[in-house]
Amino acid sequence: MLASTVHAMAEQIRATIKAIKGTRDVLPGEAGVWQLVEESARDTFARYGYREIRTPVFEATELFQKTTGEETDIVVKEMYSFTDRGGRSITLRPEGTPGVVRAVLEHGLAGRGEVERLYYIGPMFRYERPQKGRFRQFSQIGIEVFGSSAPAVDVEVMQAALALFERLGVEGVSLQINSVGHPGCRGAYRQVLRAALLPRIDALCPDCRRRLDTNPLRILDCKVPGCAEARRAAPSILDHLCGDCAGHMTQVRRILGYLEVPYEVNPRLVRGLDYYTRTTFEITASGLGAQNALCGGGRYDDLVASMGGPPTPGCGFAIGADRLVMAVPASRAQTPGPDLFIVHLGEAALDEAVAAAAALRSRGVSVRLDPGAREMKKQMSRASASSARFALIIGDQELREGVYALKRLADQTQERVAARDWDALARRMRPVDPADPAGSFISRDR
Ligand code: HAM
């Protein structure tokens, strides 16, 4: 084949093979804020006693049908399902809770009379219409607690999410809560709701007309304007809770009040998943546009038993990590540069620079070195562009004299440091004063 033909074919591949719609690459410039978000989540949840669980990205399709719910939008319209080579129906997980529940059952983590606190971080997949803050592959950061029906656990779960948002400086955070009762009180409410909406059936969207029969609660959070208008007449679920469920909600509200956590009660917050019982909640942030839900969660006291496990109450949430990354203020989202950039001049100095980089890295210093570069000016401008705190200059003269020049880039102050005294050099790289994170020199004349 002619070289030009090969080239043309390669060009065509480059032009046509792109990231799949609704997926995206997190490039190095953005990865720092992802790391900040994930590390902050791990540390925050660890303070609350949560341990990490990692479950597979794909599971048996049946798992989601049985847990997320056959009638939910996720299962009906949004799953990435396929038959594998062994003839099994497999689905890329659209949410984290079902896999965690399956793992908890499979490994006997539930039903021992203990409270099990778990968290997870990872990709989820939903075939939704992509837009700002809504993707087909997105990442969730979630927690699940098994083994306690205490209202204080519902509040603990909300607090863990709020603590993470506060730590990351997210602005305009607001918490909405509701109760969807237990299947008994929900069944009675369904009848009342159906009766109230039936006279307005013509105003409902086609999905909600169907839901009137199958799952009228979902009409409460339909975004279509006609449905919003039609449900104005709908009675509040909170007026139809049984005594125990109403008592649970009262306790949740009392504890939130005691902790002075601001919240709003939203009786229409039913959430689009079938497993919830009693408490549901959502946390939004301002400035995210239409997709402003940062976190959704609630209690699911029947889910473990419905999968054949011992009766085990559960409660949890998932945060949309892509949205959280967008909500972190730019001032916090900056990736720090390396501690040190080594500028080398000449062949001999390059060997010395490579040795210096290895020695300092093994002492915990992050070092950047561009071995291909020659000119000092170019290397110094790369050092500044990399946001390094220090530049270490090694040239022929420095090698002859057995000293390097160390420059603090924030104020361009320069001093001479003994060559090859890696321990001393590594100590200098460390900020000595938390109020001076750029790192002061310990002594100007050592
Ligand atoms: P969910 O409300 O379906 O709940 O999702 C939780 C969060 O994931 C949403 O608030 C949103 O931030 C994010 N999210 C959902 N879909 C997308 C998407 N297409 N693109 C970007 N972000 C998205 C659950 O998944 C439940 N498993 C939460 C839970 C855990 N309940 C109890 N335990």
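None of these values were measured; they are calculated from a predicted model.

## Section: the packing of helix α6 (residues 151-167) against helix α10 (residues 243-258)
In helix packing, the relevant descriptors are the interaxial angle and the interaxial distance, both defined with respect to the helix axes. Running from N to C, α6 and α10 cross one another at 50°; their axes reach a closest spacing of 8 Å. Relative to α10, the element α6 lies oblique. Between α6 and α10 the crossing geometry is right-handed. Judged by residue contacts, Pro151, Ala152, Asp154, Val155 and Met158 of α6 engage His248, Gln251, Val252, Ile255 and Leu256 from α10. Considered class by class, the residues forming the contact of α6 with α10 number 7 nonpolar, 2 polar and 1 charged.

## What about the side chain of Glu95?
Counting through the fold element by element, Glu95 comes out in the loop between β4 (89-92) and α5 (97-106). The buried charged residue Glu95 lacks any salt bridge partner; its closest oppositely charged side chain belongs to Arg126, at an N-O distance of 5.4 Å. Only 2.6 Å separates the side chain of Glu95 from the side chain of Thr68, close enough to count as a polar contact. Here the side chain of Glu95 touches Thr97 through a polar contact of 3.5 Å, side chain to side chain. Setting aside its immediate chain neighbours within four residues, Glu95 contacts Phe64, Thr68, Met124, Arg126, Gln140, Leu273 and Tyr275.

## Some words on the site of the ligand
Surrounding the ligand, one finds 26 residues, the nearest of these being Glu95, Glu128, Glu144, Tyr276 and Ala293. Arg126 is positioned such that a nitrogen or oxygen atom in its side chain is 2.9 Å from an oxygen atom of the ligand. Residue Phe135 places a main-chain N or O atom 2.8 Å away from a nitrogen atom belonging to the ligand. Contact with the protein chains removes 95% of the 660 Å² of surface that the ligand exposes when unbound.

About the criteria used
- Residues numbered from 1 in each chain as written.
- Predicted model: local features only at pLDDT ≥ 70, side-chain atom pairs only at ≥ 80, totals over all residues.
- Heavy atoms only, no water.
- Axes fitted to C-alpha atoms, helices over the stretch in contact; angles between N-to-C directions.
- Helix = DSSP H or I, 4+ residues; strand = E, 2+ residues; numbered from the N terminus.
- Parallel < 35°, antiparallel > 145°, perpendicular 65-115°, else oblique.
- Left-handed = near helix turned anticlockwise from the far one by under 90°.
- Contact = heavy atoms within 4.5 Å.
- Nonpolar A, V, L, I, M, F, W, Y, C, P; charged D, E, K, R; others polar.
- Buried < 20%, exposed > 50% of the residue type's maximum accessible area, 1.4 Å probe, protein only.
- Lys, Arg positive; Asp, Glu negative; His and termini not counted.
- Salt bridge = Lys/Arg side-chain N within 4 Å of Asp/Glu carboxyl O.
- Polar contact = N/O pair within 3.5 Å; in protein donor to acceptor, adjacent residues only side chain to side chain.
- Near = heavy atom within 4 Å.
- Areas by Shrake-Rupley, 256 points an atom, 1.4 Å probe, with all protein chains shown as cover.

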